[in-house]
Amino acid sequence: MEEGKLSRSAMIAITVLRVVVGWHFLYEGIAKLTSPSWSAAGYMKVSRGPFAAFFHWIAGQPQLLDKANLITMYGLAIVGVLLILGLFTRLAAVGGIGFVLLFYLCNPPFVGYFYSIPTEGSYLIVNKNLVEVCALAVILVTRSGLFAGLDRILHGLFARPRRLAAA
C-alpha cells in the first residue's frame, strides 16, 4: 500500500458503505415524497434539543414548513441518488451530513432530554444519526466516487493532464 493510499479492499468496503448510505437516503426521500400526508411538523414540534425554539418556530410557520418539507423530501432523494451513482460524491456527503446533523440536533440523545416520539432503543449521545454522520465523513474524505462512480468519469474528462517532469 502506498503512503496515504487505501488498499483496494478498503476502497471496495467504503464504496459499498457509500451505496448503502445512499440507498438509505434515497429510500427515506422517496418514502416521504410518496406519502401525501408526510410533514416534518411532528418531528419539529417535539424538538427538545439545543435549537428547539428554532425548530418549533419553523413548524409554526406554514410557508417555512412547506419549504422545509420540500427541501427534506427532495434533498434526501437527491443525496441518495448522488451517493449511489458516485456523482459529486463529496458534495453529496456534505449535504447528507448537513441533513443528518439537523435531525440529530432536533432531538439529540442527551441526558435530561425526554421525548414523546418513541425511538428504536435507548441512546446516550451516540445514536444512528451520529453513526451515519461518521459514515458520511469517511465517504467525504476517501473520495470513493473516484474509485468507483461517475466522479471517476468526470475526473477523467475534466482533470488537467499532468505535466511530465522536466528531465
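This report concerns the structure included in the present document. All figures in this text were calculated on a predicted structure; none of them were measured in a lab.

### Examining the overall build of the protein
- When its secondary structure is counted, the protein shows eight helices and zero strands.
- Along its sequence from the N terminus, the protein presents helices and strands in the succession α-α-α-α-α-α-α-α.
- Per-residue burial for the protein yields a buried fraction of 35% across its 167 residues.
- Across the protein, every contact between residues at least 6 apart in sequence was considered, and the portion connecting residues at least 24 apart equals 75%.
- Carbon and sulfur atoms provide 68% of the accessible area of the protein, an area that totals close to 10900 Å².

### Describing the pattern of salt bridges
- Taken as a whole and assessed by the stated rule, the structure comprises one salt bridge.
- One salt bridge in this structure joins Glu28 and Lys32, with 2.9 Å as the shortest N-O distance. Taken together, the residues Glu28 and Lys32, both in helix α1 (residues 8–33) and four residues apart, mark about one turn of the helix.
- When its relative accessible area of 25% is taken as the criterion, Glu28 is described as partly exposed.
- Lys32 sits in the buried class, given a relative accessible area of 14%.

### A few points about the side chain of Ser144
- Inspection of the secondary structure puts Ser144 in helix α7 (residues 144–147).
- In contact with Ser144, other than residues within four places in its own chain, are Met11, Ile14, Thr15, Arg18, Thr89 and Ile139.

What counts and how
- Residues numbered from 1 in each chain as written.
- Predicted model: local features only at pLDDT ≥ 70, side-chain atom pairs only at ≥ 80, totals over all residues.
- Heavy atoms only, no water.
- Helix = DSSP H or I, 4+ residues; strand = E, 2+ residues; numbered from the N terminus.
- Buried < 20%, exposed > 50% of the residue type's maximum accessible area, 1.4 Å probe, protein only.
- Contact = heavy atoms within 4.5 Å.
- Areas by Shrake-Rupley, 256 points an atom, 1.4 Å probe, with all protein chains shown as cover.
- Salt bridge = Lys/Arg side-chain N within 4 Å of Asp/Glu carboxyl O.

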